Amino acid sequence: MPQKKYPLELRERAVRMVLDALEADPGARRGIFRRIGDQLGVNPETLRSWVNQDQVDAGDRPGTTTADAQRIKDLEKENRELRRAYQILESASAFFAAELDRPSK
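Residues numbered from 1 in each chain as written. Predicted model: local features only at pLDDT ≥ 70, side-chain atom pairs only at ≥ 80, totals over all residues. Heavy atoms only, no water.

- The chain is annotated in an unreviewed UniProt entry as Transposase of Brevibacterium epidermidis.

In C-alpha cells:
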C-alpha cells in the first residue's frame, strides 16, 4: 500500500490535539489515537508514531530525534560517495602503477 503524505499542518494539528487530550485526561491514552485519527482521517498508528516522534524531538522520550536521523542519513550518503570515490582512485592508481612498471620500448 503506498504511503500517504499528510500536510505538515495536519500533522502538527493532530499531534497538538492528542497532546492536549492526554494532558486533560492521561488515562485516555488507549482510545485517543483512534478517536482523533478518525476525526482527522489519519491512521491511529500513524498518529501514534507522530506523537512519539514529537515527544522524542522535545526531549520528553528517549530515541533518535528527527534532526539526528537526518544527520545520520546525510552522513551515510556522504560515506557511500567517499567510498565510491576511493574505489575509483584506487583503481586509477593501480592502472597507472601498472603502466609505470611496464618496460618502455
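Structure shown, so let's carry the discussion forward.
### Some details on the packing of helix H1 (residues 8-24) against helix H3 (residues 44-58)
Now for step 1: At a minimum axis separation of 9 Å, H1 and H3 run at an interaxial angle of 80 degrees. The orientation of H1 with respect to H3, classified from their angle, is roughly perpendicular. Every residue of H3 that contacts H1 at Arg11, Ala14, Val15, Val18 and Leu19 is listed here: Leu47, Trp50, Val51, Gln53, Asp54 and Gln55.
Now for step 2: For the contact of H1 with H3, the residue count by class is seven nonpolar, two polar and two charged. (Axes fitted to C-alpha atoms, helices over the stretch in contact; angles between N-to-C directions. Helix = DSSP H or I, 4+ residues; strand = E, 2+ residues; numbered from the N terminus. Parallel < 35°, antiparallel > 145°, perpendicular 65-115°, else oblique. Contact = heavy atoms within 4.5 Å. Nonpolar A, V, L, I, M, F, W, Y, C, P; charged D, E, K, R; others polar.)

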